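Per-entry structural report
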Amino acid sequence: TTNILEIKNIKRHYPVSSGILSLSKATIKAVNDISLEVRNGETLGLVGESGCGKSTLARLLTGLESPDSGTIFFKGKAFKDWDSSKIGTMMQMVFQDPYSSLNPRQKVGNIISEGMRINKTGTRLEISKRVEELLVQVGMRPEHAKRYPHEFSGGQRQRIAIARAIAMNPDLIICDEPVSALDVSVQAQVLNLLKKIQTEFALSYVFISHDLSVVSHISDRVAVMYLGKLMEISPTEELYHNPLHPYTQILLEAVPIPDPTIQTADVSIPGDMPSPISPPPGCPFHPRCPKAMDICKETPPMRKEIKKDHTVFCHLY
Ligand code: SF4
Ligand code: MG
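Residues numbered from 1 in each chain as written. Chains lettered and ligands numbered in written order. Predicted model: local features only at pLDDT ≥ 70, side-chain atom pairs only at ≥ 80, totals over all residues.

The protein chain goes by Oligopeptide transport system ATP-binding protein in an unreviewed UniProt entry, where it is assigned to Maridesulfovibrio ferrireducens. One UniProt comment on the protein chain, placed under Sequence similarities (unreviewed entry), says "Belongs to the ABC transporter superfamily." (UniProt positions renumbered as here; feature names shortened; annotations may be inferred.)

Written as structure tokens, this is what we have:
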């Protein structure tokens, strides 16, 4: 198979059980019928405003959460048919917060080697040599294995998290806002490290961020999400030169150049994002869309492939 990950029509809705809303059986449609694939060796960027469902999607992709409906295939086999500990070594995650994601009571060497120790990939000596190699591969020093996470900066901690992620030679890493908590000057270094190890380890990435400039710096293709749905998927270059969806066009106006040293706030576009509890009918973007037509208020747009690999969900096409 040429796709390491394939998701078909997945939905994840959360019941809202507190207060008045429980009477109306409200649900948050965090991920609302999404299909896409991650190809072997590529970086698929996933971009959207906070609250668009991208972190829920990340948890579904790693199996930390199960979808209400739809199927996720990893290497051509449905999640439910995998031994979950096998998936755990082949698929890893790097999280946003390098402070809470590393156990403060464990030495760096123990943090990085946890998977290797559990899976008994070698003798103690072999594993500690491997930890030292991994530290060097992520731009740290071998002796850092004996220190604790709090002795390092945010950028260094993210390097440690990356070393832990690659320790078991995974095939896929889900990166959920991995540079958002870092200073702008450090962001580019961590992105470049991710690119370097992608080549060295033949990795595929799903790279999730609210920041389109960061996403475009690292991604081969970009998927744009809004209120639990996909709006557009395209190769990165193509998306920049020929954005089709009005939402993507507005996002790009806010970020004209794919340069990670330009920090953007959470993308700001006119109007608030409607609540995912009661997303608007029709096209979810219609209350904010400058090009909305009557049909947009009633009928959800279907998937349209405008040219090879460039897909949009919009009634303009
Ligand atoms: Fe705008 Fe309609 Fe396209 Fe939605 S479907 S983005 S409302 S033009
Ligand atoms: Mg999030």
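1. Focus on the overall build of the protein chain
The number of helices and strands found in the protein chain is nine helices and twelve strands. Taking 317 residues into account, the globule formula puts the C-alpha radius of gyration at 20 Å, and the protein chain, at 20 Å, falls close to it. Summarising its shape, the C-alpha atoms of the protein chain cover approximately 70 × 45 × 40 Å along the three principal directions. Classification of the 317 residues of the protein chain by burial places 41% in the buried group. Pairs at least 24 apart in sequence give 67% of the contacts found in the protein chain among residues at least 6 apart. (Helix = DSSP H or I, 4+ residues; strand = E, 2+ residues; numbered from the N terminus. Rg over C-alpha atoms; globule rule 2.2 N^0.38 Å. Buried ≥ 20, exposed ≤ 12 C-beta atoms within 10 Å, placed from the backbone. Contact = placed C-beta atoms within 7 Å.)

2. Brief notes about the pairing of strand 3 (residues 43-47)
Counted residue by residue, strand 3 has five buried out of five residues, so it is predominantly covered. Along strand 3, one buried face is formed by Thr43, Gly45 and Val47 and the opposite face, lined by Leu44 and Leu46, is buried too. Alignment of strand 3 against strand 9 (residues 221-226), held across four bridges, turns out to be parallel. Looking at strand 9, one finds that Val47 is bridged to Val224. (Pairing = 2+ DSSP bridges.)

3. Here we look at the confidence of the model for the protein chain
Low pLDDT marks stretches whose predicted atomic positions should not be read closely. Mean pLDDT over the protein chain stands at 90; residues scoring 70 or higher make up 92%. Predicted confidence in the protein chain is weakest over helix 2 (residues 84-90), with a mean pLDDT of 84, and strongest over strand 12 (residues 310-312), with 98. Confidence drops under a pLDDT of 50 for residues 262-266, and excluding neighbours within four residues, the segment shows ten contacts in the predicted structure. Overall fold confidence (pTM) sits at 0.91, and the ipTM for the predicted complex is 0.94. (pLDDT = per-residue confidence, 0-100.)

4. With respect to the sheet that holds strand 9
The mixed open sheet is built from eight strands, whose spatial order is 6-7-8-3-9-10-12-11. The open sheet has two free edges, formed respectively by strand 6 (91-94) and strand 11 (304-307), since each of these has just one partner strand. Neighbouring strand axes in the sheet, compared pairwise and without regard to direction, differ in orientation by 20° on average. Across five bridges, the pairing between strand 3 and strand 8 (residues 204-209) is parallel. Residue Val47 lies in a different strand from strand 8, and its bridge partner there is Ser209. (Axes fitted to C-alpha atoms, helices over the stretch in contact; angles between N-to-C directions.)

5. Notes on helix 9 (residues 246-254)
Listing the buried residues of helix 9 in full gives Pro246, Tyr247, Thr248 and Leu251. Packing partners of the buried residues in helix 9 comprise helix 7 (212-218), strand 9, strand 10 (229-235) and helix 8 (236-241).

6. Details of helix 3 (residues 108-118)
All buried positions along helix 3 are accounted for by Val108, Gly109, Ile111, Ile112, Ser113 and Met116. Buried residues belonging to helix 3 abut helix 4 (124-137) and helix 5 (154-166).

7. Digging into the site of ligand 1
Around ligand 1 sit 14 residues, and of these Cys283, His286, Cys289, Cys296 and Cys314 come closest. Grouping the constituent residues of the shell around ligand 1 by class yields ten nonpolar, three polar and one charged. (Near = placed C-beta within 6 Å. Nonpolar A, V, L, I, M, F, W, Y, C, P; charged D, E, K, R; others polar.)

8. Points about the packing of helix 3 against helix 4
Two elements in contact, helix 3 and helix 4, have axes separated by 10 Å at closest approach and are oriented at 125°. As the angle between them shows, helix 3 and helix 4 are arranged oblique. The chirality of how helix 3 crosses helix 4 is right-handed. Of the residues in helix 4, those touching helix 3 at Gly109, Ile112, Ser113, Met116 and Arg117 are Ile127, Ser128, Arg130, Val131 and Leu134. Along the lines of polarity and charge, the residues of the contact of helix 3 with helix 4 split into five nonpolar, three polar and two charged. (Parallel < 35°, antiparallel > 145°, perpendicular 65-115°, else oblique. Left-handed = near helix turned anticlockwise from the far one by under 90°.)

9. Side note on the sheet that holds strand 4 (residues 69-74)
With antiparallel pairing, the four strands of this open sheet are ordered in space as 2-1-4-5. Edge strands, defined here as strands with exactly one partner in the open sheet, are strand 2 (27-39) and strand 5 (77-78). As judged from the two bridges shared by strand 4 and strand 5, these two strands associate in the antiparallel manner. Residue pairing in the sheet places Phe74 in a bridge with Lys77 of strand 5. Those strands touched by helix 1 (residues 54-61) are strand 1 (3-15), strand 2 and strand 4, and its axis lies near 60° from that of strand 2.

10. Points about unusual backbone geometry
Phi angles above zero are rare outside glycine, and Glu177 is one such case at about 50°. By the secondary structure assignment, Glu177 is in the loop between strand 7 (172-176) and helix 6 (184-201). For Glu177, a count of 20 C-beta atoms within 10 Å translates into the label buried. One non-glycine residue with positive phi stands out, namely Asp309, at about 75°.

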